[in-house]
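Structural description and commentary
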Amino acid sequence: MTAGLSLADLAARFELQLRGGRADQAVTGVATLADASANQVGFLANPRYRAQLATTQAAAVILRAADAEVCPRPCLIAADPYVAFAKVAALFERRPAAQPGIHPSAIVAAEARIDAGASIGPLCVIEAGAVVEAGAVLGPHCSIGPRCVVGAHARLVARVTLVQDVRLGRRVLIHPGAVLGADGFGLAFERDHWLKVPQLGGVVVGDDCEIGANTTIDRGALGDTVLEADVRLDNQIQIAHNVRIGAHSALAGCAAVAGSASIGRHCLIGGGAGILGHLSIADRVTVTAMSLVTHSIREPGEYSSGTPIQPNRQWRRNAARFKHLDEIARRLGAGAKDSTE
Amino acid sequence: MTAGLSLADLAARFELQLRGGRADQAVTGVATLADASANQVGFLANPRYRAQLATTQAAAVILRAADAEVCPRPCLIAADPYVAFAKVAALFERRPAAQPGIHPSAIVAAEARIDAGASIGPLCVIEAGAVVEAGAVLGPHCSIGPRCVVGAHARLVARVTLVQDVRLGRRVLIHPGAVLGADGFGLAFERDHWLKVPQLGGVVVGDDCEIGANTTIDRGALGDTVLEADVRLDNQIQIAHNVRIGAHSALAGCAAVAGSASIGRHCLIGGGAGILGHLSIADRVTVTAMSLVTHSIREPGEYSSGTPIQPNRQWRRNAARFKHLDEIARRLGAGAKDSTE
Amino acid sequence: MTAGLSLADLAARFELQLRGGRADQAVTGVATLADASANQVGFLANPRYRAQLATTQAAAVILRAADAEVCPRPCLIAADPYVAFAKVAALFERRPAAQPGIHPSAIVAAEARIDAGASIGPLCVIEAGAVVEAGAVLGPHCSIGPRCVVGAHARLVARVTLVQDVRLGRRVLIHPGAVLGADGFGLAFERDHWLKVPQLGGVVVGDDCEIGANTTIDRGALGDTVLEADVRLDNQIQIAHNVRIGAHSALAGCAAVAGSASIGRHCLIGGGAGILGHLSIADRVTVTAMSLVTHSIREPGEYSSGTPIQPNRQWRRNAARFKHLDEIARRLGAGAKDSTE
C-alpha cells in the first residue's frame with residue numbers, strides 16, 4: 001500500500017499520458033467506473049463498459065487514446081489500459097505480511113530443509129526430504145511431502161497439498177485446495193479386475209506459474225508432468241499425468257487435460273474445455289469454452305466445438321434432427337462422409 | 001431426533017390429511033418406498049417411482065391426493081409431497097451437537113473476535129481481523145482469514161477455507177473443501193509474459209445460502225462477488241470474480257460461471273452448465289445440464305445446447321456431417337446464415 | 001523396491017518370454033521408451049509410440065509378440081504388455097513406510113476405535129464413533145467423522161474428509177482433497193424459499209476402490225450412495241446422493257453422476273461426461289469424453305454426444321445452421337421428427 005500518490009505520480013511511474021484534471025489530484029485507490037469515488041482511479045479496457053464513461057466519478061480513467069475523446073473525466077492514456085491498470089492497482093494491494101520462521105503448531109520433520117527466510121504457517125506438515133527455499137510463504141494447513149521443493153518466494157496461500165516429488169519454481173503462487181503430485185489415473189485390466197499401474201514420476205512447475213483453488217496436477221507415471229514458466233491455471237482444473245504445458249499458456253476454470261497431452265506455448269484454453277490424452281497442440285492455439293479437442297492441432301488459431309444455446313423447445317427439435325443428420329445429408333446427395341477425427 | 005411420534009402427530013403438525021391406517025401408529029423414521037419398514041414413513045414425489053406403491057411396507061406414504069387412490073397403504077396427503085417429506089424427515093435428523101467454545105487445538109489470533117456462543121472445532125485457524133458470530137459452528141480444519149465474517153448460526157462442516165474479505169450471512173451452510181475468497185483469475189499480457197491483475201474485492205454470501213463440497217467462489221477484482229439470500233450451490237461449482245447470483249437461484253454440481261456474469265433470481269442452472277463472462281441472465285431462467293450460455297438471456301424460460309447421446313457409430317456419422325452443415329444448408333438454398341450469438 | 005533383478009528374473013516372475021539380450025542383464029528401474037537407460041525396462045502398449053522402438057536404449061521392452069519383430073532391443077513378450085508393465089513397475093515403487101500408531105498431534109476422540117496396527121498421521125481428527133481397522137494408513141490432515149469405518153489396509157493419502165456414515169472397504173485408496181459423505185443436494189421449493197431436504201443416508205465404498213484427488217461423493221438422502229468393489233474414480237469427479245456404481249467400473253477425471261443414477265458393472269465413463277439423475281446404465285457401457293447421458297442405456301456398447309472440434313470460423317457457420325436444422329430437414333421433406341430422449 002502506498003500513501004500520498006497523485007495523478008502525476010501515476011503518469012510518471014507508468015509512462016501514461018495525463019489529459020485533463022489536476023496533476024496533484026490525490027489518488028487513494030482503484031475502482032470500477034461505476035463505483036469509483038473522486039479519489040479513485042477507474043479503467044476502461046472492455047468496450048462493453050464504455051457507456052459508463054459518461055457517469056463515472058473517477059479521479060481519472062485509464063484508457064486508450066481513442067476512448068479519451070468521449071471521456072468527460074481526466075484521462076490516463078495507455079497503449080494497453082488493462083496492463084496499466086494492473087500496475088496501478090498493485091500499488092493499492094494489501095499483502096499479508098508473512099514473518100519468517102516456523103509457526104509453533106507446524107509439524108516439521110527434522111530431515112526437512114527450511115530456509116531461515118521462509119515462513120511456515122500454522123498447522124502445516126513438512127515431511128522428511130522436503131525443501132522450502134528463501135522467501136517462500138506457506139499459509140495454514142499446507143502439507144509438503146517427501147522430495148518436494150518449494151522454490152524461492154513461492155506462495156502457498158493455504159491448505160495446499162504437495163504429495164511427493166513436486167518441484168516448484170520461483171514465485172509460484174498456489175491457491176487453497178490445490179493438490180499437486182497425487183497419483184495419475186493408471187489402470188490395466190487383468191482378466192477380472194483392475195491392476196493399479198504404479199505412478200513413479202513427479203511434477204515440475206516453472207517459475208512464475210499460478211495455480212488456482214482446488215486444481216489438481218497429477219504426478220507422471222514415468223517421467224514428470226510439466227508446467228513451463230509463467231503458465232496460469234484457474235480454479236478446478238485437472239491436469240493428468242505426463243501432461244506438458246508450454247510457457248505463458250493460460251487455462252480457464254474447470255478445463256481438463258488428459259494424460260500425456262502436450263500443449264504449446266501461448267495457448268489459451270477456455271473454461272470447461274477438454275483435451276484428450278496423447279494429443280499435441282501447437283503454440284498460440286485458442287480453444288473456446290467447453291470445446292472438446294479430440295485430435296492434435298498443428299496450426300495456431302481458434303478452435304471450437306458444441307452447439308449454440310437456444311430456447312429448449314427449439315433446441316429439442318434441432319437436436320432430434322441431429323440424430324438423423326447423416327441420413328438427411330445422404331438424401332441431399334452430399335458427398336462421401338468425412339471422419340470426425 | 002424426536003421420540004414417540006404417531007401418524008396423527010405428523011398429520012397435525014404439518015397439516016396433512018391422514019387417510020387409512022391407525023392414527024396412533026408409531027413412526028420411528030423415514031425411508032424410500034422400497035426400503036420402508038412398518039414403522040417408517042415413505043413418500044412419492046417423482047412419478048417414476050409410482051409402481052413402488054403396490055409393494056411398499058411403509059407405515060404411511062406422503063403423496064398427492066391423486067396418487068392416494070392407487071396406494072394400498074395409509075396415506076398422508078399433501079399439496080407438495082416433497083416439501084412435506086422434507087419437514088417430516090427433519091424430525092429424524094441426527095444433528096451433531098456442537099459445544100460452544102474453542103477447541104484447545106485451534107489456533108485463534110488474539111485480534112479475532114469469536115462470540116462466546118460460537119463453536120470452533122479442532123485444528124481450525126482463525127486469523128487476526130476475523131469475526132465469528134453467535135451460534136456459528138466450525139468443524140475441524142477450517143481456516144478463516146483476515147476481514148472474514150462468519151454470520152450467526154452459520155455452519156462450516158469441516159475443512160472450509162475463507163481466504164480473506166468473505167462475509168457470510170446468517171445460517172449459511174458450507175460443506176468440506178469449499179474455498180471462498182481466493183484470487184480471481186485476472187491476467188494482462190504484457191509483451192512477453194503475464195502480469196497478475198491484483199484482486200482487491202471480497203465475497204458476500206447472503207443469509208440461508210448453502211455451498212457444496214469443493215466449490216470455489218473467488219473474491220472480486222474490484223467490488224465483490226455476491227450471492228444473494230437463499231442461493232444454493234451444489235458440489236464442485238466454480239464462481240469467478242464479480243459474479244452476482246440472485247436470491248433463490250440453485251446451481252447443480254460442476255456448473256461454472258465466468259467473471260462478472262450476473263444471474264437473476266429463481267434461476268436453475270443444470271449440472272456442468274457453463275455461463276460465459278460479462279453476461280446477464282434474467283430471473284426464472286432454467287439452463288439444462290452441460291449447456292453453454294454464450295450470450296445474455298433476457299426472457300425467462302428453459303434454454304439448452306448440445307446434441308443427444310447416441311450409439312457411437314451413429315453419432316460419428318452425424319457428427320462428421322455437422323462439420324459440413326453450412327455447405328449442406330447452402331446446397332438446399334437455405335436463407336442467409338444466422339450468427340451463433 | 002527390489003535390488004539385484006535381472007531380465008531373467010522378470011521373465012520368470014511374470015511369465016514373460018525373453019527374446020534377445022543377456023538373461024543376467026541387471027534391471028534397476030522402468031522408464032518410457034524415449035527415456036530408458038541401458039538398465040531400465042521400457043514397454044510398448046499404445047501403438048502411437050511404436051516408432052520409438054527404433055531408438056530406445058532400454059535394457060528390454062515389454063511388448064506383444066507382433067511388435068517384437070520390429071524391436072531392435074531385447075524383448076519381454078507379454079499377452080498384455082500394459083498389465084505386465086504394471087507388475088514390473090510395482091517392483092520399483094517407493095512406498096512411504098507408515099509406522100503403526102497415532103501421531104501425537106492427531107486429535108482422536110476417546111470413543112473412536114483405532115486398531116493398534118493402523119497409522120494415524122499428523123493433525124488428523126478422528127471423531128467419536130469412528131473406526132479405523134488394521135493396517136489402515138491415514139496421511140496428514142485427514143478428518144474422520146462419526147460412524148465412519150476405514151477398512152483394513154485402506155490408505156487415505158492426505159487431507160481426506162469422511163464427513164459421517166462413510167464405510168470404506170479393504171484396501172481402498174483415496175487421494176488428497178476427496179470429500180465423502182457430505183450432504184446431497186436435496187431441495188424442495190416452498191412458496192418463496194428453498195427448504196433443505198434432510199440427507200440421512202451414508203456412503204458405502206467396496207473393497208479395492210480408488211478415489212481421486214478432490215473427488216466428492218455425497219451421502220444418500222435415504223439409503224446409501226454405493227460404490228461396489230474395484231470401482232476406480234479419477235480426480236474431481238462428482239457422485240451425487242444415492243448413485244450406485246457397479247463393480248470394476250472406471251470414471252475418468254471430471255465426470256459427474258447426478259442423484260439416484262445407477263451405473264452397471266465394467267462401465268467406462270470418459271472424462272467430463274455427465275449422467276443425469278434417476279437413469280440406469282447397463283453393464284459394459286462406454287461413454288466417451290464430455291458426452292451427456294440423458295436417458296437410460298439398456299445395451300452394452302459405446303455412446304457419444306457432442307460435435308467435432310473445428311477451426312472457429314467454420315464451426316461458427318455450422319453452429320449457426322444447427323439453430324435451424326429442423327427447418328432445413330422439413331424443407332427436405334424428412335419424416336416426422338424424433339424425440340431427443
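Residues numbered from 1 in each chain as written. Chains lettered and ligands numbered in written order. Predicted model: local features only at pLDDT ≥ 70, side-chain atom pairs only at ≥ 80, totals over all residues. Heavy atoms only, no water.

A word on the overall build of chain A
- When you go through chain A residue by residue, the secondary structure sums to five helices and 40 strands.
- Overall, the C-alpha framework of chain A stretches about 80 × 70 × 35 Å when taken along its three principal axes.
- A burial count over chain A gives 60% of its 341 residues as buried.
- Of the contacts formed within chain A by residues at least 6 apart in sequence, a portion of 17% connects residues at least 24 apart.
- When the accessible area of chain A is evaluated, it comes to approximately 12400 Å², of which 50% is carbon and sulfur surface. (Helix = DSSP H or I, 4+ residues; strand = E, 2+ residues; numbered from the N terminus. Buried < 20%, exposed > 50% of the residue type's maximum accessible area, 1.4 Å probe, protein only. Contact = heavy atoms within 4.5 Å. Areas by Shrake-Rupley, 256 points an atom, 1.4 Å probe, with all protein chains shown as cover.)

Let's talk about the interface of chain B and chain C
- Listed by partner, the interface residues are 75 residues for chain B and 78 residues for chain C.
- A buried area of about 6300 Å², summed over both sides, lies between chain B and chain C, and 64% of it is on carbon and sulfur atoms.
- Summed over the shared surface of chain B and chain C, the number is five salt bridges.
- In this structure, C:Glu190 engages B:Lys87 in a salt bridge whose closest nitrogen and oxygen atoms are separated by 2.4 Å. (Buried area = accessible area lost by both parts, 1.4 Å probe. Salt bridge = Lys/Arg side-chain N within 4 Å of Asp/Glu carboxyl O.)

Some remarks on the packing of aromatic side chains
Residue and element names in this part refer to chain A.
- A full pass over the atoms with the stated rule returns 12 aromatic pairs over all chains.
- Aromatic pair Phe-189 and Trp-194: ring centres 4.9 Å apart, planes at 80°, arrangement edge-to-face.
- Under the relative-accessibility criterion, Phe-189 is labelled partly exposed at 29%.
- Through pairs of rings, three or more aromatic residues link up here, namely Phe-43, Tyr-82 and Phe-85. (Phe/Tyr/Trp six-rings, centres within 6.5 Å; stacked < 30°, edge-to-face > 60°.)

Focus on the pattern of salt bridges
- On inspection of all chains with the given rule, the structure shows 66 salt bridges over all chains.
- For B:Asp230, the salt bridge is made with B:Arg232, and the minimal N-O distance between the two is 2.8 Å. B:Arg232 shares its class with B:Asp230; the two are buried.
- Counted as one network, the salt bridges with shared partners bring together A:Arg94, A:Glu210, A:Asp230, A:Arg232, B:Arg147, B:Asp165, B:Asp183, B:Lys196 and B:Arg219.

Considerations on the pairing of strand S23 (residues 193–196) of chain C
Residues and elements named next belong to chain C.
- The pairing of strand S22 (residues 187–190) with S23 spans four bridges and is classified as antiparallel. Residue pairing for S23: Leu-187 is matched across the bridge by Lys-196.
- Adjacent in sequence and paired antiparallel, S22 and S23 are bridged by two residues, among which Arg-191 carries a positive phi angle near 50°. (Pairing = 2+ DSSP bridges.)

Points about the interface of chain B and chain A
- Each partner contributes to the interface: chain B provides 79 residues, whereas chain A provides 75 residues.
- Overall, the association of chain B and chain A removes approximately 6300 Å² of surface from exposure, summing both partners, and the carbon and sulfur fraction of that is 64%.
- Counting the surface chain B buries against chain A, the share from its top three residues, B:Phe185, B:Trp194 and B:Arg321, is 12%.
- Taken together, the links from chain B to chain A amount to five salt bridges.
- With its nearest N and O atoms 2.6 Å apart, the salt bridge here joins B:Arg321 to A:Asp326.
- Summed over the shared surface of chain B and chain A, the number is 30 residue pairs in polar contact (both at pLDDT 80 or more). (Polar contact = N/O pair within 3.5 Å; in protein donor to acceptor, adjacent residues only side chain to side chain.)

Notes on the relation of the copies chain B and chain C
- Mapping chain B onto chain C leaves a residual RMSD of 0.1 Å; the transformation is a rotation of 120° accompanied by 0.0 Å of translation along its axis. The symmetry that links the two subunits is that of a three-fold axis. Within chain B, the C-alpha atom positioned nearest to the axis of rotation is that of B:Gly306, 3.5 Å from it. (Least-squares fit on C-alpha atoms with pLDDT ≥ 70 in both.)

Digging into the pairing of strand S39 (residues 301–304) of chain C
- Both strand S40 (residues 310–311) of chain B and S39(C) contribute to a ladder of two bridges, which runs antiparallel. Among the inter-strand pairings, B:Pro311 is bridged to a residue of S39(C), identified as C:Tyr303.

Some thoughts on the side chain of B:Asn318
- Within the secondary structure layout, B:Asn318 lies in helix H4 (residues 312–322).
- What makes B:Asn318 buried here is its relative accessible area of 3%.
- Filtering out sequence-adjacent residues up to four positions away, B:Asn318 remains in contact with A:Phe322, A:Lys323, A:His324, A:Leu325, A:Asp326 and B:Gln310.

So, the sheet that holds strand S26 (residues 216–218) of chain C
Residues and elements named next belong to chain C.
- Strand order in the open sheet made by the 10 strands is S9-S12-S15-S18-S21-S26-S29-S32-S35-S38, with parallel pairing throughout. Only two strands of the sheet have a single partner each, and these edge strands are strand S9 (107–108) and strand S38 (292–293).
- Pairing geometry for strand S35 (residues 274–275) and S38, over two bridges, is parallel. What sits directly across from Ile-275, in S38, is Val-293.

Quick word on the side chain of B:Asp183
- Tracing the backbone through its elements, the reader meets B:Asp183 in the loop between strand S21 (179–182) and strand S22 (187–190).
- Look at B:Asp183 and you get buried, because its relative accessible area is 10%.
- In terms of polar contacts, B:Asp183 uses its side chain to reach the side chain of B:Lys196, at 2.9 Å.
- Once residues lying within four places of it in the same chain are set aside, the contact partners of B:Asp183 are A:Leu173, A:His175, B:Lys196, B:Gln199, B:Asp218 and B:Arg219.

Quick notes on unusual backbone geometry
- The phi angle at A:Arg159 is positive, at roughly 45°, despite the residue not being glycine.
- Looking at A:Arg159, the relative accessible area reads 2%, which means it is buried.
- Look at C:His248: it is not a glycine, yet its phi comes out positive at around 70°.
- You can call C:His248 buried: its relative accessible area is 14%.

Examining the environment of C:Glu210
- With respect to the helices, strands and loops of the structure, C:Glu210 is situated in strand S25 (residues 210–211).
- Look at C:Glu210 and you get buried, because its relative accessible area is 4%.
- Considered as a pair, C:Glu210 and C:Val231 are 21 residues apart in the sequence and their alpha carbons are 6.6 Å apart.
- Leave out the neighbours within four places in its chain, and C:Glu210 touches A:Lys196, C:Leu173, C:His175, C:Val231, C:Arg232 and C:Leu233.

Some points on the sheet that holds strand S34 (residues 268–269) of chain A
- Sheet architecture is open: 12 strands sit in the order S8(A)-S11(A)-S14(A)-S17(A)-S20(A)-S25(A)-S28(A)-S31(A)-S34(A)-S37(A)-S39(A)-S40(C), paired in mixed fashion. The open sheet has two edge strands, strand S8 (101–102) of chain A together with strand S40 (310–311) of chain C, and neither has a second partner.
- Note that strand S20 (residues 173–174) of chain A and strand S25 (residues 210–211) of chain A share two bridges and pair parallel. By the bridge assignment, A:Leu173 is partnered in S25(A) with A:Glu210.

Some details on the environment of A:Gly29
Residue and element names in this part refer to chain A.
- If you trace the backbone, Gly-29 turns up in strand S4 (residues 29–30).
- Considered as a pair, Gly-29 and Arg-155 are 126 residues apart in the sequence and their alpha carbons are 25 Å apart.
- Once residues within four sequence positions are removed from consideration, Gly-29 is found in contact with Asn-39, Gln-40, Val-41 and Phe-92.

Some remarks on the confidence of the model for chain A
- Overall, the prediction assigns chain A a mean pLDDT of 95, with 97% of residues at 70 or greater.
- Complex prediction metrics read pTM 0.96 and ipTM 0.96. (pLDDT = per-residue confidence, 0-100.)

Brief notes about the environment of A:Ala34
Residues and elements named next belong to chain A.
- Position of Ala-34 relative to the elements: it lies in the loop between S4 and strand S5 (40–43).
- Classification of Ala-34 by relative accessible area gives exposed; the value is 56%.
- Sequence-wise, Ala-34 and Ala-58 are 24 residues apart; in three dimensions their C-alpha atoms are separated by 8.6 Å.

Examining the state of the cysteines
- Inspection of every chain in the model, using the stated rule, returns zero disulfides over all chains.
- Between A:Cys71, a cysteine without a disulfide, and A:Cys75, which holds the nearest cysteine sulfur, the sulfur-to-sulfur distance is 3.8 Å. (Disulfide = S-S within 2.5 Å.)

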